[in-house]
Amino acid sequence: MSAAALAASSNVVAKPKSGRPLRILVLGGTKFLGVHIVELALQHGHSVTLFNRGKTNAGIFPQLVHLKGDRDAQLDSLKGKHWDAVIDDSGYYPRHVRLSAELLAPNVQRYIFISTISVYASFANPNTEDSPVGKLADETIEKMDGGAYGPLKALCEKAAEKAMPGRVAVVRPGLIVGPRDPTDRFTYWPARAALGGEMVTPDQPSDRVQFIDARDLAAFVLRLVERKTVGTFNATSPPGVFTIGDVVSASIAAANAMAKPTLSPRPVWVPADFLAKQKIQPWSDMPVWVPAAGEYAGFADASVTRALREGLTIRPVQPTVNDTLAWHLQRPAEERAKLGAGLTPEREKALLDAWRAASGNGH
(Lines give C-alpha, C1' and ligand atoms only; values in the text may rest on other atoms or scores of the structure.)
Protein backbone atom coordinates (compact mmCIF):
# COMPACT_ATOMS: atom_id res chain seq x y z
CA MET A 1 0.00 0.00 0.00
CA SER A 2 1.32 3.46 -0.86
CA ALA A 3 2.01 6.06 1.81
CA ALA A 4 -0.88 8.15 0.52
CA ALA A 5 -3.26 5.21 0.56
CA LEU A 6 -2.10 4.16 4.01
CA ALA A 7 -2.66 7.65 5.38
CA ALA A 8 -6.02 7.98 3.64
CA SER A 9 -7.20 4.68 5.06
CA SER A 10 -6.93 6.12 8.56
CA ASN A 11 -9.10 9.18 7.98
CA VAL A 12 -11.98 9.43 10.43
CA VAL A 13 -14.87 11.64 9.36
CA ALA A 14 -16.77 13.40 12.11
CA LYS A 15 -20.47 12.73 12.16
CA PRO A 16 -22.59 15.84 11.74
CA LYS A 17 -24.07 17.03 14.97
CA SER A 18 -27.72 17.57 15.58
CA GLY A 19 -29.26 20.47 17.42
CA ARG A 20 -28.60 24.18 17.26
CA PRO A 21 -25.11 25.62 16.71
CA LEU A 22 -23.41 26.61 19.95
CA ARG A 23 -21.24 29.58 20.79
CA ILE A 24 -18.02 28.12 22.18
CA LEU A 25 -15.09 29.95 23.74
CA VAL A 26 -11.77 28.08 23.73
CA LEU A 27 -9.11 29.27 26.15
CA GLY A 28 -6.08 28.38 24.04
CA GLY A 29 -7.03 26.57 20.86
CA THR A 30 -3.94 27.03 18.70
CA LYS A 31 -1.79 24.10 19.82
CA PHE A 32 -2.21 20.30 19.51
CA LEU A 33 -5.42 19.29 21.33
CA GLY A 34 -6.87 22.78 21.06
CA VAL A 35 -6.49 22.74 17.28
CA HIS A 36 -8.29 19.40 17.00
CA ILE A 37 -11.10 20.66 19.25
CA VAL A 38 -11.56 23.82 17.19
CA GLU A 39 -11.47 21.97 13.88
CA LEU A 40 -14.11 19.50 15.02
CA ALA A 41 -16.32 22.19 16.53
CA LEU A 42 -16.28 24.04 13.21
CA GLN A 43 -17.12 20.80 11.36
CA HIS A 44 -20.12 20.48 13.68
CA GLY A 45 -21.31 23.94 12.72
CA HIS A 46 -20.53 25.73 15.98
CA SER A 47 -19.33 29.31 16.36
CA VAL A 48 -15.89 29.37 17.97
CA THR A 49 -14.01 32.22 19.62
CA LEU A 50 -10.38 31.87 20.69
CA PHE A 51 -8.72 33.54 23.68
CA ASN A 52 -4.94 33.40 23.96
CA ARG A 53 -1.77 35.46 23.88
CA GLY A 54 -1.51 35.30 20.11
CA LYS A 55 2.01 33.82 20.26
CA THR A 56 1.53 30.15 19.34
CA ASN A 57 0.59 29.47 15.70
CA ALA A 58 -0.60 33.04 15.46
CA GLY A 59 -1.86 32.70 11.89
CA ILE A 60 -4.09 29.68 12.49
CA PHE A 61 -7.88 29.96 12.07
CA PRO A 62 -7.87 33.44 10.48
CA GLN A 63 -11.64 33.20 9.96
CA LEU A 64 -12.33 33.15 13.70
CA VAL A 65 -12.54 35.88 16.30
CA HIS A 66 -9.30 35.96 18.31
CA LEU A 67 -9.46 37.67 21.67
CA LYS A 68 -6.01 38.59 22.90
CA GLY A 69 -5.09 38.34 26.55
CA ASP A 70 -3.31 36.32 29.20
CA ARG A 71 -4.51 33.88 31.85
CA ASP A 72 -2.56 35.91 34.41
CA ALA A 73 -5.20 38.60 35.12
CA GLN A 74 -5.23 40.01 31.57
CA LEU A 75 -8.82 39.04 30.82
CA ASP A 76 -10.43 42.31 29.78
CA SER A 77 -11.23 41.07 26.27
CA LEU A 78 -13.57 38.46 27.81
CA LYS A 79 -15.69 40.90 29.81
CA GLY A 80 -19.33 41.38 28.90
CA LYS A 81 -19.44 38.63 26.28
CA HIS A 82 -21.67 35.55 26.25
CA TRP A 83 -21.03 31.95 25.22
CA ASP A 84 -22.86 28.67 25.63
CA ALA A 85 -19.73 26.86 26.76
CA VAL A 86 -16.09 27.43 27.59
CA ILE A 87 -13.42 24.81 26.85
CA ASP A 88 -10.32 25.42 28.93
CA ASP A 89 -7.36 23.50 27.53
CA SER A 90 -4.70 25.92 28.79
CA GLY A 91 -5.27 26.05 32.58
CA TYR A 92 -2.31 24.87 34.66
CA TYR A 93 -2.50 27.03 37.78
CA PRO A 94 -5.58 27.26 40.00
CA ARG A 95 -5.37 31.05 40.30
CA HIS A 96 -5.58 31.42 36.53
CA VAL A 97 -8.54 29.06 36.30
CA ARG A 98 -10.30 30.82 39.16
CA LEU A 99 -9.88 34.21 37.47
CA SER A 100 -11.31 33.06 34.14
CA ALA A 101 -14.10 30.91 35.60
CA GLU A 102 -15.29 33.62 38.00
CA LEU A 103 -15.28 36.25 35.27
CA LEU A 104 -17.16 34.04 32.82
CA ALA A 105 -19.59 32.45 35.29
CA PRO A 106 -22.43 34.99 34.81
CA ASN A 107 -22.28 34.74 31.02
CA VAL A 108 -21.72 31.07 30.15
CA GLN A 109 -23.67 27.87 30.76
CA ARG A 110 -20.90 25.25 30.93
CA TYR A 111 -17.19 25.13 31.71
CA ILE A 112 -15.18 22.18 30.40
CA PHE A 113 -11.78 21.87 32.02
CA ILE A 114 -9.09 19.69 30.43
CA SER A 115 -7.23 18.22 33.37
CA THR A 116 -4.97 15.14 33.43
CA ILE A 117 -4.95 11.57 34.63
CA SER A 118 -1.81 12.57 36.53
CA VAL A 119 -3.96 14.14 39.26
CA TYR A 120 -4.07 10.91 41.25
CA ALA A 121 -2.09 10.58 44.46
CA SER A 122 -0.91 7.04 43.71
CA PHE A 123 -0.57 4.72 40.73
CA ALA A 124 0.18 1.57 42.70
CA ASN A 125 -3.40 0.46 41.98
CA PRO A 126 -5.85 1.25 39.17
CA ASN A 127 -7.54 4.62 39.57
CA THR A 128 -11.17 5.61 39.11
CA GLU A 129 -12.48 9.15 39.08
CA ASP A 130 -13.15 8.79 42.82
CA SER A 131 -9.55 7.90 43.73
CA PRO A 132 -7.67 10.39 45.95
CA VAL A 133 -5.83 13.16 44.12
CA GLY A 134 -2.38 14.46 44.88
CA LYS A 135 -1.91 17.38 47.25
CA LEU A 136 0.66 20.13 47.70
CA ALA A 137 2.03 21.48 50.96
CA ASP A 138 1.88 24.96 49.41
CA GLU A 139 -1.16 25.33 47.16
CA THR A 140 -0.10 28.80 46.01
CA ILE A 141 2.98 27.70 44.08
CA GLU A 142 3.00 28.42 40.35
CA LYS A 143 5.94 26.32 39.22
CA MET A 144 5.80 22.90 37.60
CA ASP A 145 8.65 21.58 39.71
CA GLY A 146 8.89 17.91 40.62
CA GLY A 147 5.50 16.31 41.07
CA ALA A 148 3.49 19.55 41.09
CA TYR A 149 1.79 19.10 37.72
CA GLY A 150 -0.91 16.65 38.79
CA PRO A 151 -1.76 18.28 42.15
CA LEU A 152 -1.93 21.72 40.51
CA LYS A 153 -4.34 20.37 37.90
CA ALA A 154 -6.46 18.89 40.70
CA LEU A 155 -6.59 22.34 42.32
CA CYS A 156 -7.59 23.81 38.94
CA GLU A 157 -10.53 21.39 38.85
CA LYS A 158 -11.63 22.60 42.29
CA ALA A 159 -11.29 26.24 41.26
CA ALA A 160 -13.51 25.76 38.23
CA GLU A 161 -16.17 23.90 40.21
CA LYS A 162 -16.16 26.50 42.98
CA ALA A 163 -16.70 29.30 40.48
CA MET A 164 -19.41 27.46 38.53
CA PRO A 165 -20.89 24.79 40.82
CA GLY A 166 -22.85 22.11 38.98
CA ARG A 167 -21.87 23.46 35.58
CA VAL A 168 -18.39 21.98 35.13
CA ALA A 169 -17.18 18.94 33.21
CA VAL A 170 -13.66 17.81 34.06
CA VAL A 171 -11.84 15.62 31.54
CA ARG A 172 -8.74 13.76 32.75
CA PRO A 173 -6.90 12.52 29.67
CA GLY A 174 -4.14 9.98 29.70
CA LEU A 175 -1.23 10.41 27.31
CA ILE A 176 -2.56 12.47 24.38
CA VAL A 177 -1.08 11.36 21.05
CA GLY A 178 -1.35 11.87 17.32
CA PRO A 179 -0.55 14.53 14.72
CA ARG A 180 0.62 17.91 16.05
CA ASP A 181 1.93 16.45 19.30
CA PRO A 182 4.77 18.78 20.37
CA THR A 183 6.14 16.37 23.02
CA ASP A 184 7.15 13.46 20.73
CA ARG A 185 6.22 11.05 23.52
CA PHE A 186 4.28 8.83 21.09
CA THR A 187 5.77 10.12 17.84
CA TYR A 188 9.11 8.64 18.87
CA TRP A 189 8.02 5.10 17.98
CA PRO A 190 6.93 5.61 14.35
CA ALA A 191 9.76 8.13 13.89
CA ARG A 192 12.32 5.66 15.21
CA ALA A 193 10.89 2.83 13.11
CA ALA A 194 11.19 5.03 10.03
CA LEU A 195 14.97 5.13 10.52
CA GLY A 196 15.10 1.34 10.23
CA GLY A 197 17.47 -1.20 11.73
CA GLU A 198 17.52 -2.65 15.23
CA MET A 199 15.57 -0.56 17.72
CA VAL A 200 15.43 -0.94 21.49
CA THR A 201 11.95 -1.75 22.72
CA PRO A 202 11.02 -2.08 26.40
CA ASP A 203 10.54 -5.28 28.36
CA GLN A 204 7.83 -7.42 26.70
CA PRO A 205 5.41 -6.82 23.79
CA SER A 206 2.52 -7.76 26.11
CA ASP A 207 3.14 -4.87 28.53
CA ARG A 208 -0.05 -2.80 28.72
CA VAL A 209 -0.16 0.88 27.82
CA GLN A 210 -2.87 3.55 27.76
CA PHE A 211 -3.17 6.62 25.54
CA ILE A 212 -5.75 8.57 23.55
CA ASP A 213 -5.65 10.04 20.07
CA ALA A 214 -6.16 13.80 20.34
CA ARG A 215 -8.98 13.58 17.81
CA ASP A 216 -10.85 11.02 19.92
CA LEU A 217 -10.36 13.27 22.93
CA ALA A 218 -11.63 16.27 20.98
CA ALA A 219 -14.71 14.29 19.95
CA PHE A 220 -15.42 13.33 23.55
CA VAL A 221 -14.97 16.91 24.79
CA LEU A 222 -17.32 18.21 22.12
CA ARG A 223 -19.84 15.51 22.96
CA LEU A 224 -19.88 16.69 26.58
CA VAL A 225 -20.44 20.25 25.37
CA GLU A 226 -23.26 19.34 23.03
CA ARG A 227 -25.02 17.11 25.54
CA LYS A 228 -24.51 19.59 28.41
CA THR A 229 -22.89 16.85 30.46
CA VAL A 230 -21.17 17.62 33.75
CA GLY A 231 -18.99 15.51 36.02
CA THR A 232 -15.47 14.10 36.00
CA PHE A 233 -14.19 11.63 33.40
CA ASN A 234 -10.97 9.74 32.88
CA ALA A 235 -10.35 9.80 29.14
CA THR A 236 -7.89 7.30 27.70
CA SER A 237 -7.92 3.85 26.12
CA PRO A 238 -9.56 1.13 28.23
CA PRO A 239 -7.19 -1.06 30.25
CA GLY A 240 -5.74 -3.90 28.21
CA VAL A 241 -6.84 -2.61 24.81
CA PHE A 242 -3.32 -1.60 23.76
CA THR A 243 0.13 -3.00 24.50
CA ILE A 244 3.56 -1.56 23.77
CA GLY A 245 3.88 -4.39 21.26
CA ASP A 246 0.85 -3.00 19.41
CA VAL A 247 2.48 0.43 19.23
CA VAL A 248 5.79 -0.97 17.99
CA SER A 249 4.18 -3.31 15.42
CA ALA A 250 1.98 -0.52 14.06
CA SER A 251 5.00 1.79 13.89
CA ILE A 252 7.01 -0.77 11.92
CA ALA A 253 4.12 -1.35 9.49
CA ALA A 254 3.69 2.39 8.91
CA ALA A 255 7.44 2.95 8.55
CA ASN A 256 7.87 0.18 5.98
CA ALA A 257 4.94 1.54 3.94
CA MET A 258 5.73 5.26 4.15
CA ALA A 259 9.41 5.81 4.89
CA LYS A 260 10.70 2.60 3.26
CA PRO A 261 13.96 2.47 5.27
CA THR A 262 16.93 0.65 3.76
CA LEU A 263 17.01 -1.71 6.71
CA SER A 264 13.58 -2.83 7.90
CA PRO A 265 13.05 -1.86 11.55
CA ARG A 266 13.44 -4.75 13.96
CA PRO A 267 12.54 -4.55 17.67
CA VAL A 268 15.02 -5.73 20.27
CA TRP A 269 13.06 -6.33 23.47
CA VAL A 270 15.23 -5.48 26.45
CA PRO A 271 14.05 -6.52 29.93
CA ALA A 272 12.89 -3.83 32.33
CA ASP A 273 15.48 -4.69 34.96
CA PHE A 274 18.32 -4.32 32.45
CA LEU A 275 16.91 -0.97 31.27
CA ALA A 276 16.82 0.19 34.88
CA LYS A 277 20.45 -0.84 35.45
CA GLN A 278 21.40 1.19 32.37
CA LYS A 279 19.50 4.19 33.79
CA ILE A 280 16.97 4.13 30.95
CA GLN A 281 13.90 5.97 32.20
CA PRO A 282 10.38 4.69 31.52
CA TRP A 283 8.06 7.21 29.85
CA SER A 284 10.82 9.61 28.76
CA ASP A 285 13.58 7.38 27.34
CA MET A 286 11.06 4.63 26.54
CA PRO A 287 7.96 6.70 25.73
CA VAL A 288 4.40 5.48 26.37
CA TRP A 289 5.66 2.58 28.50
CA VAL A 290 5.91 2.22 32.29
CA PRO A 291 6.69 -1.15 33.91
CA ALA A 292 3.67 -2.58 35.70
CA ALA A 293 5.38 -3.02 39.05
CA GLY A 294 5.79 -1.29 42.39
CA GLU A 295 4.54 2.26 42.70
CA TYR A 296 3.33 2.27 39.07
CA ALA A 297 1.71 -1.17 39.02
CA GLY A 298 -1.69 0.35 38.19
CA PHE A 299 -0.47 3.09 35.86
CA ALA A 300 -1.84 1.53 32.66
CA ASP A 301 -5.10 0.34 34.23
CA ALA A 302 -7.04 3.55 34.84
CA SER A 303 -10.79 3.02 34.63
CA VAL A 304 -12.64 4.73 31.78
CA THR A 305 -16.01 3.06 32.36
CA ARG A 306 -17.69 6.37 33.09
CA ALA A 307 -16.43 7.99 29.88
CA LEU A 308 -17.36 4.98 27.77
CA ARG A 309 -20.92 5.24 29.06
CA GLU A 310 -20.93 8.87 27.92
CA GLY A 311 -19.83 7.95 24.41
CA LEU A 312 -16.02 7.96 24.47
CA THR A 313 -14.70 6.04 21.47
CA ILE A 314 -11.11 4.94 20.86
CA ARG A 315 -9.81 4.26 17.37
CA PRO A 316 -7.40 1.38 16.63
CA VAL A 317 -3.69 2.06 17.05
CA GLN A 318 -2.75 1.72 13.36
CA PRO A 319 -4.65 4.80 12.11
CA THR A 320 -3.13 6.90 14.89
CA VAL A 321 0.37 5.69 14.04
CA ASN A 322 -0.20 6.18 10.31
CA ASP A 323 -1.34 9.76 10.71
CA THR A 324 1.36 10.55 13.26
CA LEU A 325 4.12 9.32 10.98
CA ALA A 326 2.65 11.10 7.94
CA TRP A 327 2.64 14.34 9.96
CA HIS A 328 6.14 13.72 11.33
CA LEU A 329 7.62 13.15 7.88
CA GLN A 330 6.36 16.60 6.84
CA ARG A 331 7.97 18.39 9.80
CA PRO A 332 11.06 20.58 9.34
CA ALA A 333 14.28 18.57 9.20
CA GLU A 334 15.56 19.94 12.51
CA GLU A 335 12.42 18.77 14.31
CA ARG A 336 12.66 15.32 12.79
CA ALA A 337 16.32 15.06 13.75
CA LYS A 338 15.97 16.02 17.40
CA LEU A 339 12.92 14.57 19.09
CA GLY A 340 11.74 15.69 22.50
CA ALA A 341 11.46 12.15 23.87
CA GLY A 342 13.08 8.77 23.43
CA LEU A 343 16.68 7.64 23.00
CA THR A 344 19.23 9.48 20.91
CA PRO A 345 20.91 7.30 18.26
CA GLU A 346 24.17 7.36 20.26
CA ARG A 347 22.53 6.28 23.49
CA GLU A 348 20.51 3.58 21.75
CA LYS A 349 23.65 2.14 20.13
CA ALA A 350 25.43 2.04 23.49
CA LEU A 351 22.43 0.31 25.05
CA LEU A 352 22.25 -2.27 22.26
CA ASP A 353 25.97 -2.98 22.63
CA ALA A 354 25.58 -3.42 26.38
CA TRP A 355 22.60 -5.73 25.94
CA ARG A 356 24.42 -7.87 23.37
CA ALA A 357 27.36 -8.21 25.73
CA ALA A 358 25.10 -9.14 28.64
CA SER A 359 22.78 -11.52 26.78
CA GLY A 360 25.12 -13.00 24.25
CA ASN A 361 22.82 -12.46 21.28
CA GLY A 362 20.99 -9.14 21.64
CA HIS A 363 17.52 -10.70 21.63
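Here, the structure is the one placed above.
Quick notes on the rules
- Per chain, residues are indexed from 1 in the order of the written sequence.
- Local features in this predicted model are restricted to residues of pLDDT 70 or higher, and side-chain atom pairs are both shown and tallied only at a pLDDT of 80 or more, whereas totals for entire chains, interfaces and linings draw on every residue.
- Side-chain descriptors were evaluated using all non-hydrogen atoms of the structure, hydrogens and water having been removed beforehand.
- Put simply, DSSP H or I for four residues or longer makes a helix, DSSP E for two residues or longer makes a strand, and each gets a number counted from the N terminus.
- Only C-alpha atoms enter the radius of gyration; for comparison, a globular chain is expected to reach 2.2 Å times N to the power 0.38, where N is the number of residues.
- Note on classification: 1.4 Å probe, protein chains only; a residue is buried when its accessible area is under 20% of the maximum for its type, exposed when over 50%, partly exposed between these limits.
- Method for areas: the Shrake-Rupley scheme with a 1.4 Å probe, in which residue coverage is limited to the protein chains shown.
- Under the convention used here, Asp and Glu are negative, Lys and Arg are positive, and both His and the chain ends fall outside the count.
- Where a charge sits is defined by one atom per residue type, namely NZ (Lys), CZ (Arg), CG (Asp) or CD (Glu).
- Only the contacting stretch of a helix is used when fitting its axis, a line to C-alpha atoms as for every element, and angles between N-to-C directions run 0 to 180 degrees.
- In what follows, roughly perpendicular refers to angles from 65 to 115 degrees, roughly parallel to angles under 35, roughly antiparallel to angles over 145, and oblique to any angle outside these ranges.
- Should the near helix be turned anticlockwise from the far one by less than a right angle, the crossing is left-handed, and should it be turned clockwise, the crossing is right-handed.
- In what follows, a contact means two residues having at least one pair of non-hydrogen atoms within 4.5 Å.
- Throughout this entry, Asp, Glu, Lys and Arg are counted as charged residues, while Ala, Val, Leu, Ile, Met, Phe, Trp, Tyr, Cys and Pro are counted as nonpolar. The remaining residues, Gly among them, count as polar.
- Between the rings of Phe, Tyr and Trp (Trp by its six-membered ring), a pair exists once the centres lie within 6.5 Å; its type follows the angle of the planes, with under 30 degrees stacked, over 60 edge-to-face, and the other angles tilted.
- The rule is short: NZ of Lys or CZ of Arg within 6 Å of the ring centre and within 35 degrees of the ring normal puts a charge over the ring.
- For two strands to count as paired, DSSP must find a minimum of two bridges between them.
- Here, nonpolar core means buried Ala, Val, Leu, Ile, Met, Phe, Trp, Tyr and Cys residues that are tied together by side-chain atoms lying within 4.5 Å of each other.
- The term salt bridge refers to a side-chain nitrogen of Lys or Arg lying within 4 Å of a carboxyl oxygen of Asp or Glu.
- Helix span, as expected, comes to 1.5 Å for every residue beyond the first.
- Polar contact criterion, stated in full: a pair of N or O atoms within 3.5 Å, where within protein one must be able to donate a hydrogen and the other to accept it, and residues adjacent in sequence count only if both atoms are side-chain atoms.

Caption draft 1: Layout of the overall build of the chain. Helices and strands together make up the secondary structure of the chain, namely twelve helices and 13 strands. Scaling as 2.2 N^0.38, a compact globule of 363 residues should have a C-alpha radius of gyration of about 21 Å, and the chain matches this with 21 Å. Counting only C-alpha atoms, the chain reaches 70 × 50 × 35 Å along its principal axes. Counting across all 363 residues of the chain, residues that qualify as buried make up 52%. Summed over all atoms, the accessible surface of the chain reaches about 16,300 Å², with 53% contributed by carbon and sulfur. The average position of the 42 basic charges and that of the 36 acidic charges among the side chains of the chain differ by 5 Å.

Caption draft 2: View of the packing of helix 7 (residues 244–258) against helix 10 (residues 317–328). Where helix 7 meets helix 10, the closest approach of the two axes is 9 Å, and the angle between their N-to-C directions is 50°. One way to sum up the angle between helix 7 and helix 10 is to call them oblique. Relative to helix 10, helix 7 is oriented so that their crossing is right-handed. Packed against helix 7, whose contacting residues are Asp246, Val247, Ala250, Ser251, Ala253, Ala254, Ala255 and Met258, the element helix 10 presents Val317, Gln318, Val321, Asn322, Leu325 and Ala326 at the interface. The residue inventory of the contact of helix 7 with helix 10, partitioned by class, reads ten nonpolar, three polar and one charged.

Caption draft 3: Spatial organisation of the packing of aromatic side chains. Inspection of the entire model under this criterion finds nine aromatic pairs. Ring geometry for Trp283 and Phe299: centres 5.2 Å apart, planes at 85°, overall edge-to-face. Taken together, the residues span a long stretch of sequence, with Trp283 in the loop between helix 8 (272–277) and helix 9 (305–309) and Phe299 in the loop between helix 8 and helix 9 at a distance of 16 residues. On the accessibility criterion, Trp283 (23% relative accessible area) is partly exposed. For Phe299, a relative accessible area of 22% gives the class partly exposed. Members of the aromatic cluster, joined through ring pairs, are Phe123, Trp283, Tyr296 and Phe299. Positioned above the aromatic ring of Tyr92, the side-chain terminus of Lys153 is 4.5 Å from the ring centre.

Caption draft 4: Just the sheet that holds strand 3 (residues 65–68), in detail. Strand order in the open sheet formed by seven strands is 3-2-1-4-5-6-11, with parallel pairing between adjacent strands. With one partner strand each, in any of the chains shown, strand 3 and strand 11 (231–235) form the two edges of the open sheet. Averaged over all pairs of adjacent strands, the angle between their axes in this sheet comes to 20°, without regard to strand direction. Across the face of the sheet, helix 2 (residues 33–43) comes into contact with strand 1 (23–27), strand 2 (47–52), strand 4 (83–88) and strand 5 (108–114) while running at roughly 160° to strand 2. Where helix 4 (residues 149–163) meets the sheet, its contacts fall on strand 5 and strand 6 (168–173), and the angle it forms with strand 5 comes to roughly 175°.

Caption draft 5: Quick look at the nonpolar core. One finds Trp189, Phe211 and Ile244 to be the most contacted residues of the largest nonpolar core, which totals 37 residues. Mapped by element, the contributors of at least two residues to this core are helix 5 (188–195), strand 8 (198–202), helix 7, strand 13 (266–270), helix 8, helix 10 and helix 12 (345–359). With residues near it in sequence (within four places) discarded, Phe211 still touches Leu175, Val177, Phe186, Thr236, Ser237, Phe242, Val247, Val288 and Val317. Of all hydrophobic cores here, the second largest spans 35 residues; its members include Leu22, Ile24, Val48 and Ile212.

Caption draft 6: Broad picture of the pattern of salt bridges. Under the criterion given, the structure shown has 23 salt bridges. We note a salt bridge from Asp88 to Arg71, for which the minimum N-O separation is 2.8 Å. Of this pair, Asp88 sits in strand 4 while Arg71 sits in the loop between strand 3 and strand 4, and the two are 17 residues apart along the sequence. When the shortest N-O distance is used, the salt bridge between Asp72 and Arg95 registers 2.8 Å. Here Asp72 is found in the loop between strand 3 and strand 4, whereas its partner Arg95 is found in helix 3 (residues 94–104), with 23 residues between them in sequence. On the basis of relative accessible area, Asp72 is assigned to the partly exposed category, the value being 35%.

Caption draft 7: Expanded view of helix 6 (residues 214–227). The terminal C-alpha atoms of helix 6 lie 20 Å apart, and with 14 residues this matches the ideal 20 Å at 1.5 Å per residue to within 8%. Of the residues making up helix 6, those classed as buried are Ala214, Asp216, Leu217, Ala218, Phe220, Val221, Leu222, Leu224 and Val225. The positive-phi residue at the C-terminal boundary of helix 6 is Lys228, with phi of around 55°.

Caption draft 8: Expanded view of the side chain of Gln210. When you line up the elements, Gln210 lands in the loop between strand 9 (208–209) and strand 10 (212–213). Residue classification places Gln210 among the buried positions, given a relative accessible area of 8%. A polar side-chain atom of Gln210 sits 3.2 Å from the main-chain amide nitrogen of Asp301. A distance of 3.0 Å separates a polar side-chain atom of Gln210 from the backbone nitrogen of Ala302.

Caption draft 9: Region of interest: the side chain of Asp213. Position of Asp213 relative to the elements: it lies in strand 10. Classification of Asp213 as buried rests on a relative accessible area of 3%. Within polar-contact distance, the side chain of Asp213 engages the side chain of Arg215 at 2.7 Å. A distance of 2.7 Å separates polar atoms of two side chains, one belonging to Asp213 and the other to Thr320. Residues in contact with Asp213, not counting those within four places in the same chain, are Val177, Arg315 and Thr320.

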